[in-house]
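So the chains spell out like this:
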Amino acid sequence: MAKIIISRDGQVEQQVQLSKERMTIGRHPRNDIVLTHPAVSGEHAVIVTILDDSFLEDLHSTNGTFVNGHRIGKHFLQHQDVIKMAKFQVEFVADGVRPMTAAAPLLAQIEVLNGSNAGKQVALTKPQTTLGRAGVQVVVIHRQPDAYSIVHTEGDVAPLVNGVALGKQAAQRLHPGDLIDLSGTQMAFRIA
């Protein structure tokens, strides 16, 4: 389980396990993590943890939330990120359940290129993302720490990846810029 280490003026004040899916941070006592300082907003930020991924989101605080020196709105937390809120320094410590790799986990998205949903983006943050219409044409995109793959799971007509029919039940690795044609809807696979 990931945790945060909260310091002020170089002194560790508390360590908090991220034991709930949603943990609020702020000056008001109703928060899960209370930081008592006038420059901290009543409801300053929230950390949302889904499986072993944690995201920090600023809740429109007056003085802002900073990660590694940059003001953020929403940020995917990585091991040893340093969060600043007023006089507090908060270090994010990943749980280490997942083996450490040389690079951070790959994050990707699908962007719809045509039709009524053109421009819509779907973040591929879950282990499996299903796209398509049941009974017509369905694909599942699988997320691994360092790669994404696509599988045709439903429908008589094979979807296309870069103009080539996708074999049924055979996973194909996706590469940045790959074009997916699903029942005429064209989508691009992009690394976020």
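Residues numbered from 1 in each chain as written. Predicted model: local features only at pLDDT ≥ 70, side-chain atom pairs only at ≥ 80, totals over all residues. Heavy atoms only, no water.

J.: Could you clarify how one ought to interpret the overall build of the protein in this entry?
T.: From N to C terminus, the protein includes zero helices and 21 strands. Relative to the compact-globule value of 16 Å for 192 residues, the protein shows a C-alpha radius of gyration of 21 Å, a clear excess of over 25%. Within the protein, the proportion of its 192 residues that are buried is 39%. Taking as baseline every contact in the protein between residues at least 6 positions apart, the subset at least 24 positions apart corresponds to 33%. Carbon and sulfur atoms provide 50% of the accessible area of the protein, an area that totals close to 10600 Å². Averaging the positions of the 18 positive and the 18 negative side-chain charges in the protein gives two centres separated by 4 Å. (Helix = DSSP H or I, 4+ residues; strand = E, 2+ residues; numbered from the N terminus. Rg over C-alpha atoms; globule rule 2.2 N^0.38 Å. Buried < 20%, exposed > 50% of the residue type's maximum accessible area, 1.4 Å probe, protein only. Contact = heavy atoms within 4.5 Å. Areas by Shrake-Rupley, 256 points an atom, 1.4 Å probe, with all protein chains shown as cover. Lys, Arg positive; Asp, Glu negative; His and termini not counted. Charge placed at Lys NZ, Arg CZ, Asp CG, Glu CD.)

J.: Help me understand the confidence of the model for the protein in this model?
T.: Detail in the predicted coordinates should be disregarded across regions flagged by low pLDDT. For the protein, the average pLDDT comes to 87, and 94% of its residues sit at 70 or higher. Element-level pLDDT for the protein is lowest in strand β13 (residues 121-123), with a mean of 87, against a maximum mean of 96 in strand β7 (residues 66-67). Within the model, pLDDT remains below 50 along residues 97-103, and this stretch shows four contacts once partners closer than five positions in the same chain are excluded. (pLDDT = per-residue confidence, 0-100.)

J.: Even after reading the chapter, I still don't get the sheet that holds strand β20 (residues 179-182), so can you show me in this structure?
T.: As a general point, the strands of a sheet are linked pairwise by backbone hydrogen bonds and lie either parallel or antiparallel. Strand order in the open sheet formed by six strands is β13-β12-β21-β20-β17-β18, with antiparallel pairing between adjacent strands. Each end of this open sheet is capped by a strand with a single partner; those strands are β13 and β18 (164-165). Where strand β12 (residues 108-112) and strand β21 (residues 185-191) come together, five bridges link them in antiparallel fashion. Along β21, the bridge assignment pairs Val112 with Met187. (Pairing = 2+ DSSP bridges.)

J.: Got a minute to help me understand the sheet that holds strand β2 (residues 11-17) in this structure?
T.: If you walk across this open sheet you meet the six strands as β2-β1-β11-β10-β7-β8, and the pairing is antiparallel. In the strand order of this sheet, the two ends are held by β2 and β8 (70-71), each with one partner. Sheet analysis places strand β1 (residues 3-8) next to β2, joined by six bridges and oriented antiparallel. Across the sheet, residue Arg8 finds its bridge partner in β2, namely Gln11.

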